[in-house]
Amino acid sequence: MAGDDEQGRNMLQCRATGFYFRTRVPSRFRDTLKKNEICFSLFTRSRKVALIRAGTAYERTQALFAKIEHAMAHEPWIISDEEKQDYADLLRRSILPPETSGAQETRDSLTECVRSYLDNDNARNFLEAIIQSYELEIASLISQYKTINAEHLLSHVRETDRMTALTGYLKDTAEPAMEKLIRSGEILASRVQGHQETIKVFENQSALLRETLAPVFQQLEVKPSPLFSEAVSTFMTSPEIKTKPNSELAMMTNVYRRWIEINGDEPIRTYSSKHADKYIEMMTQIPGTYGKGKTKELTVDELIKYAKRNRIKTLLKTKTIKNHFSKMSILWTFHEKKELVNRGSNVFKDWSFGRKLKGDGYKAWPEDDLRKLIDTPWPPGQISQRTFGMIVGIGSYTGMRLEEICRMRKLEVINIKGVWCFNICEHLPRRNRPAEAWNPKTEAGERVVPIHRKLIEAGILEWAKSANYYLFNELTFSGRDKKRSVGFGGKFSTFKNRLGIKSSTIVFHSFRHNVSTKLRNTPGGDTGIRELWIDDFLGHEYGHHSEGVKRYLDGIDLENIVQVAESMQYPDFWDIRTLMGEA
């Protein structure tokens, strides 16, 4: 039997009838689920569509395993505190590589431990409820896939019937009328005498042609659609949108408001690329800080005048407008499914901003500023120098986003085939702690990040071992969206400003640019680092998709990502233990 660390591989299977989702059930759950693997049809022959559907199925299946794990580890009526500790110890040892001494015996013990829970009626009923909920979710997915396929087929049939009817109509009715018109023209040209009678015949045939073609022109008229403001209202109150974080909803509302200010409130189907061009032209003339302070309520025209009057040089960046276009694209896709905009009319999806985008946004940390960070003690307070040093160390060597680092839990420091990694994945909240719920896929981030040897030398494994739940216990949830990075992010910004690093383009996120820049400047070729591996390591979107799972389904090996991780280097003075105040 292959180890459970193989359960995430080969989940997309191609059969004669189409693609299937298939994954192994971890050995400790097989008695609970009464099966060794989960397999079902994705109802498509398209690999691209199958990857998207398999990604969704993977998320739901991993959530099932996590719920079962959570129930076994935390429900007091299932096991005692002492048994919980034993179970947690077994679970920790079970993730060791297969070749580790005693690893298989540990897995067998863990399986027996789980099997014993099934003798408890309460536990068994609870687990069966979790499984039933999962089965209903999968049944709902399959039903959606069947419905989408049926709608696509019906749309295709309707379009074919419409074109066939239109072609037949033109051939049977309009063509004879056109021939009569042409014949009248020939008669008019050939007759010099009695031309008044011929002209009268010509006018009669022209009237007949207009009457004949009127139904055709009616079919070709622009279909009705709601006003942009009405379309936005429907979109913002839809179930999949209204549950998004408040900050994202606020940004969407602002983008759609500015669109109306610039292009007017017209039927949504009537907008085109020229309106998008006008949006870019005007928004690039407003202040970069237009959403703050007294300028917040000004219209776009008033903001442009304000910028010119006050000679403001820092205007809205192309990167921000690119984010605006992503919000417009989501709106268009939503209404495209309802056939309220024309198919293929989403100009925002693949909009090219050309070379303007290069150099926009944040910049990588220069060596002089890195020296200031490492030479200056972190100010005392709730967040210690040791925590500051480890967070900065992780950011500088992995390029992870600050929220990803701050939310890292001890159970996500894992060993895969002898390689220690950070497993950035969805978080299910513990009981009565809703703020703990988090899905990195909203930020295109679900991935496995090999831990750099410098972090291991700095003691990250020992740090994780001694942590309670989160790696950084000094951090708390705060801010409108209840993030764990807000407190540290604010203090880090104040700290670097005091060091004289006041540029708005040099921030904590700039470590991500350090990693990206250094890796992309590494020589390529057959033995070098490929762009695809770097994108996977950083959790970048590529191909306009944010489904990180699809990259693993496509078989990007861990060895390639390890090569990327270990290629990251800094000057000798950049030492994590010094950052932590321990050198």
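A. Structural detail: the environment of K244. If you trace the backbone, K244 turns up in the loop between α8 (239–242) and α9 (246–263). Spatially, the C-alpha atoms of K244 and D481 are 9.7 Å apart, while their sequence positions differ by 237 residues. What K244 contacts, discounting residues up to four positions off in sequence, is L249 and M252.

B. Main features of the pattern of salt bridges. Following the criterion strictly, the structure yields 15 salt bridges and no others. Taking the shortest distance from any N to any O, the salt bridge between E412 and R409 comes out at 2.5 Å. Judged by relative accessible area, R409 falls into the buried class, the value being 7%. Note that R453 and E566 form a salt bridge whose closest N and O atoms lie 2.4 Å from each other. With R453 in helix α16 (residues 453–457) and E566 in helix α22 (residues 558–566), this residue pair connects regions lying 113 residues apart in the sequence. Owing to a relative accessible area of 37%, R453 belongs among the partly exposed residues under this scheme. Three or more residues are tied together by salt bridges with common partners; here these are K244, E248 and K327.

C. Spotlight on a positive patch on the surface. A cluster of basic residues, K317, K319, K322 and K363, forms a positive patch at the surface. Relative to the helices and strands, K319 resides in helix α12 (residues 318–337).

D. Structural context of the nonpolar core. Ranked by internal contacts, the top residues of the largest apolar core, which has 55 residues, are F422, L471, F488, F492, F511 and W574. A per-element tally of this core places helix α14 (residues 385–398) first, with six residues. Beyond its immediate sequence surroundings of up to four residues, L471 is in contact with M408, R409, K410, V413, F422, I460, W463 and A464. By size, the runner-up hydrophobic cluster in this structure holds 34 residues, among which are F228, V232, I268 and W332.

E. Layout of the environment of I374. Locating I374 in the fold gives a position in helix α13 (residues 367–375). Its relative accessible area of 10% is what places I374 among the buried residues. Between the C-alpha atom of I374 and that of I576, which follows or precedes it by 202 residues, the distance is 8.7 Å. Not counting the four nearest positions on each side in its chain, I374 is found in contact with F573, W574, D575, T578 and L579.

F. Main features of the packing of α14 against helix α18 (residues 486–498). At a minimum axis separation of 12 Å, α14 and α18 run at an interaxial angle of 90 degrees. It follows from the interaxial angle that α14 and α18 lie roughly perpendicular. Taking contact as the criterion, the partners of F388, I391 and V392 in α14 are, on α18, F488, F492 and F495. Looking at the contact of α14 with α18, its residues break down into six nonpolar, no polar and no charged.

G. Summary view of the sheet that holds strand β4 (residues 413–416). Ordered in space as β4-β5-β6, the three strands form an open sheet in which the pairing is antiparallel. The open sheet has two edge strands with one neighbour each: β4 and β6 (447–450). Geometrically, the sheet is characterised by an average inter-axis angle of 45 degrees between neighbouring strands, direction not taken into account. Where β4 and strand β5 (residues 419–424) come together, four bridges link them in antiparallel fashion. Bridging from a neighbouring strand, N415 pairs with W420 of β5. Running at roughly 50 degrees to β6, α22 makes contact with β4, β5 and β6 of the sheet.

H. Quick peek at helix α7 (residues 228–236). Buried residues of α7: F228, A231, V232, F235 and M236, and no others. Along the axis of α7, the buried residues cluster in a sector spanning 125 degrees; they form a single face. For α7, the secondary structure elements touched by its buried residues are α8, α9 and α12.

I. Representation of α9 in the model. In this model, α9 (18 residues) spans 26 Å end to end at C-alpha, consistent with the 26 Å of a helix rising 1.5 Å per residue. Along α9, the residues classified as buried are L249, M252, N254, V255, Y256, R258, W259, I262 and N263. Where the residues of α9 are buried, they touch α7, α8, α10 (273–283), α11 (300–309) and α12. Following α9 by one or two positions, G264 has its phi on the positive side, about 80 degrees.

J. Here's a closer look at the sheet that holds strand β2 (residues 18–24). Across the sheet, which stays open at both edges, the three strands sit in the order β1-β2-β3 with antiparallel pairing between neighbours. Here the strands that pair on one side only, and so sit at the sheet edges, are β1 (12–15) and β3 (37–41). Taken pair by pair, the neighbouring strands of this sheet meet at an average axis angle of 25 degrees, ignoring direction.

The rules behind each value
- Residues numbered from 1 in each chain as written.
- Predicted model: local features only at pLDDT ≥ 70, side-chain atom pairs only at ≥ 80, totals over all residues.
- Heavy atoms only, no water.
- Helix = DSSP H or I, 4+ residues; strand = E, 2+ residues; numbered from the N terminus.
- Contact = heavy atoms within 4.5 Å.
- Salt bridge = Lys/Arg side-chain N within 4 Å of Asp/Glu carboxyl O.
- Buried < 20%, exposed > 50% of the residue type's maximum accessible area, 1.4 Å probe, protein only.
- Patch = residues over 30% accessible without salt bridge, like charges linked within 9 Å, V, L, I, M, F, W, Y side chains within 5 Å.
- Areas by Shrake-Rupley, 256 points an atom, 1.4 Å probe, with all protein chains shown as cover.
- Lys, Arg positive; Asp, Glu negative; His and termini not counted.
- Charge placed at Lys NZ, Arg CZ, Asp CG, Glu CD.
- Core = buried A, V, L, I, M, F, W, Y, C linked by side-chain atoms within 4.5 Å.
- Axes fitted to C-alpha atoms, helices over the stretch in contact; angles between N-to-C directions.
- Parallel < 35°, antiparallel > 145°, perpendicular 65-115°, else oblique.
- Nonpolar A, V, L, I, M, F, W, Y, C, P; charged D, E, K, R; others polar.
- Pairing = 2+ DSSP bridges.
- Arc of directions from axis to C-beta.
- Expected span 1.5 Å × (residues − 1).

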